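# Close look at the chain arrangement
Here is how the chains run, residue by residue.
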Amino acid sequence: MPDGTIAAPGEPHGHPPHHPALQHHFEDLEQQHEASTLGMWLFLVTEVMFFGGLILAYSLYRIWYPTAWALGSEELNIYLGGFNTIVLIGSSLTMALAVRSAQTGAQRATVGWLLFTMALGLTFLVVKFFEYKEKFEKFHVPGPNFRFEGPESPHVQIFFSLYFALTGVHALHMIIGVGLMSVITTMAYRKRFSPEWHTPVELAGLYWHFVDIVWIFLFPLLYLVDRSHHIV
Amino acid sequence: MLFGFPLFPTQASTLAPEIDNLYLGVIAITAFFAIIVVVCVIFFAIKYRDHTGDKVGAPITGSVPLELGWSFIPFVISIGIFVWASVVFFHLVRAPDQTLDIYSTGKRWMWRFQHIDGQREINELHVPVGRAVRVVFTSEDVLHDLFIPAFRVKADAVPGRYSAIWFEATKVGEYHLFCAEYCGTNHSGMIGTVYVMEPADYQAWLAGGGAINSGGSMADRGAQLFTQLACVTCHLGDGSGRGPSLVGVFGSTITLNDGTNVVADESYLRESILTSQAKTVAGYQQLMPTFQGLVNENDVASLIEYIKSMQQGAARSASAQAAP
Amino acid sequence: MQTQVMESPVNYINHRHTVASWLLTKDHKRIGILYLIVVSTAFALGGIFAMLIRMELTTPAGDLLSADVYNRMFTMHGVTMVFFVLVPAVPAVLGNFVMPLMIGAKDVAFPKLNLLSWYVFTTGFIFTVTAMILGGVDTGWTFYTPYSTQGSESNVLITGIGVFITGFSSILTGLNFMVTIHRMRAPGMTWFRLPLFIWALYATSLVMVLGTPVIAITLLMLVLERGLHLGIFDPRLGGDPVLFQHLFWFYSHPAVYIMILPPMGVISEVIACFSRKNVFGYSFVAFSSLAIAVFGFLVWAHHLFVAGISPYSALIFSFLSFAVAIPSAVKTFNWTATLYKGAIWWKTPMMFVFGFLGLFLVGGLTGLFLASLGLDVHLTDTYFVVAHFHYIMVGGAIMGYFAGLHYWWPKMTGRMYNDTLGKLAALLIFVGFNLTFGPQFILGYLGMPRRYHVYPPEFQVLNVLSSAGASILAVGYVLPAFYFLYSLKYGAKAGANPWKATGLEWTTQSPPLPENFSQTPIVTEGAYAYSKREIKVA
């Protein structure tokens, strides 16, 4: 305030009353919404560049060592991976429904769909944990304990290094996403959203969809190398 | 030289004058533009000085012809420099067909040079004047870089692959050899000397007047390894074995089993020995074991020299004794 | 016509005094000051490392520092200066402070994110300093593999993590700036009425947003390989050490444009103000900024000409490296033409501009030598490169930063510093700088490799000249600390517009109100409408 005092949220404070979610450096909710949305899209572009570096490394070595890539990919559990893909696509659906509910002001439905999305996200992470556990038990974790039969072993170790790097970074993004969801769900539970303002739900949705899309790239790149003649 | 102070390293190779001329040319061009700008800035700053800060400058906003002019002209000049520099570059990276080959390995923190007749040097490199020399090298640990300022040549030594530089020395003398890619504690100690010698002196050096010889040429050692490691069981000379014949393979174009062609240079041979499964020759099974970990860099180089010597009929004379 | 500015006794500095009000601020101006403190600390630290390096290099033998200590010195000098000074200096200090004022906004788009950026930056800095205290790192700021993954026994992990964290500060700042410039310009502030500093910040933000994630993932791969033994660059497994170089330089080359574009923006502002006229060819300068940002992403492999790339790809990258020089040349010509028929007011900020023009010219032109393939083979990895990048980074970027500091100091603090001392600092820096780095071009061509702790005796004379220059340069850099701090208490009151400049930031009081403007400004003319105004001192 110009005289140095601070008004409590919601109290009249020196200009016409406005939506409680409007921040003071913005002129109106519309400007705030446009700015926030642009910000989230820009952030997702940075994420594309982030994953892009790893995918570049992956692509280079796949071209150089196709045999090793096929051998390594065979070792991944295509059932668990496929299941996780369906789980994640499903969670994008539930997220979209959550956004839709927020848009129409269906508060309880919003909370419900958000919880469902979180549950699916957690399911993904639990399955991932079991996949990693299997890799550990088979000595496929790169490092001094790595074991793989055959002359391609060193190259297969690179495959698994990139597998863990890619899925690990993705899983980290999932964990952050689930955390974000819990915050948004709490806000929805406390009836903070309305058809007039539900930007956090939209932005969380954008982030969640992005993490899903990354997996949709990772699944075929990692699990489906040269599976045409051996599904199992 | 400026006041007796050197501005250039000695020009001790055939390419050094080319590079120095390019350097002087670029200096001339860039200095020309730099001087114009500096003179203008100083002149305008003084001529249009206003001590009060109250006056206002002329309402000039720009000039499209001027903008196009000073975009286009520098661009054209840049193309000129680019073309000139690229021509010089291709001279630097394309070795002549006939070269005296020397193998080298960098490792922390020394350079080992291996002559094909068996002489071995550490941090010193003896070469004859007036003959094209090619150094094929790699690293055994981290990145290094072989740099000989007097010859104006440089290339990184990358572990896992071969690099090469070539030069033809024009002046007898001793010249610095540096490692130019940071490699740890003693990076600045990984230096040496190149000794360029008259041909007669060089022959004398090779014959034992200073050279340490491990006994036998590289090709001889390669022949021993070829038997010891059982290469000979598959790579029969008449092509009837499980592996292709290696007679005349060096420098030839090979078709791989994925249809692509590759030139069988040192890098290809090295890769085939160490990690054979990557590039299998068309018509053959992928049966060759990998020798990574079973042979060291010197062994690989010796095998390559032996393979090079396998020409139809007499051995290819890559020995230092023969004049080009 | 400029009206008298309404001055309120309340400004962004005095309206709240507690430490918490600074550490939890969402005010972009306070955040700019917070960055100033950390960046200045990093500059001092990097400067100390530089002094030690130059002191050691006065003699050919390694008599002052051991090889391992020396290697840590140049590495940490590079890491500190690149990531904690050059990248943030103009955008995070000056950009944060000035940009919203310049476009007539109350703050940046995401003030809380802005504060978070500072915390992320400072956390990364603390990590990196911790690594230094624990013994430092000796890989070179470029962290090349396999030395960084297998060879070095120094604190690579902690430093790598520290730089990784700091990168996010850059990403968030760039994101914040882009959204602010897109969405929060005052009414009437069309794109082509924006000051050129804003164009420069926008172009920089593009690079920050697109490039920084790549260094982040590269450092992450490095950390994973060194810490968890993942094998991505390991040649013993068939990995490619040169892949690291490609990934590293894919960011680090555009990064140098992050370092130079904002200072170039500062130059445009200062030269317009102290020539009292429009920048010559405004739209060409604006588009050149964008062109530099875009082309900057296409040249990275010119750092790999001798690293093992094919000669044909070297040709392409050489050509593109010449192309990227053109927009910078265009800007230089435009600035020079701006001086023509100007009314040149020789104040300290303008002195730094003159210095910039001379030094950036040399730095930029010597880049052409390195873009020339035939020359680069001889010159790469020698002191020629060291001289080239110091001319651009220090002679260019830091000069631009100092020009901006001296230009906006009255706005930030409400006080004037001693102009004579300012000019003295500029002169000392200019002379000291040329003496330090000029000889290094010659050293490079003579063949002295970089990162050398000991060197052959014939290189000594030039090294001594260089070290002598460094001592003058050091004085030049320390001097502003004294007169700036002095001005805070004893400097003359600046008033709203001591430089009689155009620009929205000068229409408000110094120091500004917490909310920047008492009323949202309405813009009706272009950025440098000097000729249309009767400039009055506020």
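Residues numbered from 1 in each chain as written. Chains lettered and ligands numbered in written order. Predicted model: local features only at pLDDT ≥ 70, side-chain atom pairs only at ≥ 80, totals over all residues.

## Focus: the overall build of chain B
Convention followed: Where helices and strands are cited, they refer to DSSP runs of H or I of at least four residues and of E of at least two residues respectively, numbered from the N terminus. The reference for a compact globule is 2.2 Å times residues^0.38; the radius of gyration itself is calculated from the C-alpha atoms. Residues are called buried when their C-beta atom has 20 or more other C-beta atoms within 10 Å, exposed when it has 12 or fewer, and partly exposed otherwise; all C-beta atoms are positioned from the backbone. Residues are treated as contacting if the C-beta atoms built from their backbones sit within 7 Å of each other.
Helices and strands together make up the secondary structure of chain B, namely 7 helices and 13 strands. Relative to a compact globule of 324 residues, whose C-alpha radius of gyration would be 20 Å, chain B shows 27 Å and is clearly more extended. Here chain B, with 324 residues, has 39% of them falling under the buried criterion. A separation of at least 24 residues holds for 67% of the contacts in chain B among residues at least 6 apart in sequence.

## A word on the overall build of chain C
Each helix and strand counted, chain C has 16 helices and 0 strands in total. The C-alpha atoms of chain C give a radius of gyration of 23 Å, which matches the 24 Å a tight globule of 538 residues would have. Projected onto its principal axes, the C-alpha coordinates of chain C cover approximately 70 × 45 × 45 Å. Looking at chain C as a whole, 67% of its 538 residues qualify as buried.

## What to know about the interface of chain B and chain C
Applicable threshold: Under the scheme applied, nonpolar residues are Ala, Val, Leu, Ile, Met, Phe, Trp, Tyr, Cys and Pro; charged residues are Asp, Glu, Lys and Arg; polar residues are all the others, including Gly.
Contact residues are listed per partner, giving 72 residues for chain B and 74 residues for chain C. Of all the secondary structure elements, the ones that give two or more residues to the side of chain B that touches chain C are helix 1 (16–47), helix 2 (64–93), strand 6 (144–148), strand 7 (153–157) and strand 9 (173–179) of chain B. For the side of chain B that touches chain C, the element with the highest residue contribution is helix 2 of chain B, accounting for 15 residues. The class makeup of the residues in the side of chain B that touches chain C is 43 nonpolar, 18 polar and 11 charged.

## Some details on the packing of helix 12 (residues 348–371) of chain C against helix 15 (residues 419–446) of chain C
Residues and elements named next belong to chain C. What counts here: Fitting a line to C-alpha atoms yields each axis, with helices limited to the stretch in contact; the angle taken between N-to-C directions then spans 0 to 180 degrees. For classification purposes, angles smaller than 35 degrees are called roughly parallel, those larger than 145 roughly antiparallel, those between 65 and 115 roughly perpendicular, and all remaining angles oblique. Two helices crossing with the near one rotated counterclockwise from the far one by less than a right angle form a left-handed crossing, whereas a clockwise rotation gives a right-handed crossing.
Across the interface, helix 12 lies against helix 15 with an axial gap of 8 Å and an inter-helix angle of 10 degrees. Taken together, the axes of helix 12 and helix 15 are roughly parallel relative to one another. Like other packed secondary-structure pairs, helix 12 and helix 15 cross with a definite hand, here left-handed. When helix 12 is examined against helix 15, the residues Thr348, Met351, Phe352, Gly355, Leu359 and Thr366 are found in contact with a partner set consisting of Asp419, Gly422, Lys423, Ala426, Ile429, Phe430, Phe433 and Phe441. In the contact of helix 12 with helix 15, the residues fall into 8 nonpolar, 4 polar and 2 charged.

## Comments concerning the sheet that holds strand 8 (residues 163–168) of chain B
Sheet strands line up and pair through hydrogen bonds in the backbone, either parallel or antiparallel. Residue and element names in this part refer to chain B. Basically, it comes down to this: DSSP-based pairing: two strands are paired if at least 2 bridges between them are found.
Strands sit in the order 8-5-1-2-3-11 across an open sheet of 6 strands; the sheet is mixed. A single partner strand is all that each edge strand has here, and the edge strands are strand 8 and strand 11 (212–213). Bridge analysis of strand 5 (residues 132–139) against strand 8 gives 6 bridges, and the strand direction is antiparallel. Among the inter-strand pairings, Phe137 is bridged to a residue of strand 8, identified as Ser163.

## Thoughts on the nonpolar core
Note the following rule: What makes a nonpolar core is a set of buried Ala, Val, Leu, Ile, Met, Phe, Trp, Tyr and Cys residues, with links drawn between C-beta atoms within 7 Å.
Membership of the largest hydrophobic core comes to 338 residues, with the highest contact counts inside it found for A:Leu162, C:Ile198, C:Val270, C:Val353 and C:Ala403. No other element matches helix 8 (residues 196–228) of chain C, which puts 23 residues into this core. In this structure A:Leu162 touches A:Leu54, A:Ala57, A:Tyr58 and C:Ile232, once residues within four positions along its chain are discounted.

## Quick notes on the confidence of the model for chain C
For the record, the criterion: As a per-residue quantity, pLDDT reports the predictor's confidence and falls between 0 and 100.
Across chain C, the average pLDDT comes to 95, with 98% of residues at 70 or higher. For this predicted complex, the interface score ipTM comes out at 0.94, alongside a pTM of 0.94.

## Description of the confidence of the model for chain B
Atomic detail in the predicted coordinates should be set aside for any region of low pLDDT. Mean pLDDT over chain B: 90, with 94% of residues reaching 70 or higher. Note on residues 313–324 of chain B: pLDDT under 50 across the span, and 18 contacts to partners over four residues away in sequence or across chains.

## Description of helix 8 of chain C
Residue and element names in this part refer to chain C. Selection rule: Expected span, for any helix, means 1.5 Å times one less than how many residues it has. To obtain the bend at a residue, axes are fitted to the seven residues ending there and to the seven starting there, and the angle between these axes is taken.
Counted at 1.5 Å a residue, the expected span for helix 8 with its 33 residues is 48 Å, and the 47 Å between its end C-alpha atoms agrees. Of all the bends in helix 8, the greatest reaches close to 30 degrees and is centred on Gly211; the proline Pro213 follows between one and four positions later. For helix 8, a buried count of 30 out of 33 residues is recorded, marking the element as mostly surrounded by other parts of the structure. Among the residues trailing helix 8, His229 stands out with phi positive, at a value near 60 degrees.

## Quick notes on the sheet that holds strand 6 of chain B
Residues and elements named next belong to chain B. Reading across the sheet, the 5 strands line up as 4-10-9-6-7 and stay open at both edges, with mixed pairing between neighbours. Edge positions in the sheet fall to strand 4 (124–128) and strand 7, since each has one partner strand and no second. Neighbouring strand axes in the sheet, compared pairwise and without regard to direction, differ in orientation by 20 degrees on average. For strand 4 and strand 10 (residues 192–197), the ladder comprises 5 bridges, and the chain directions are parallel.

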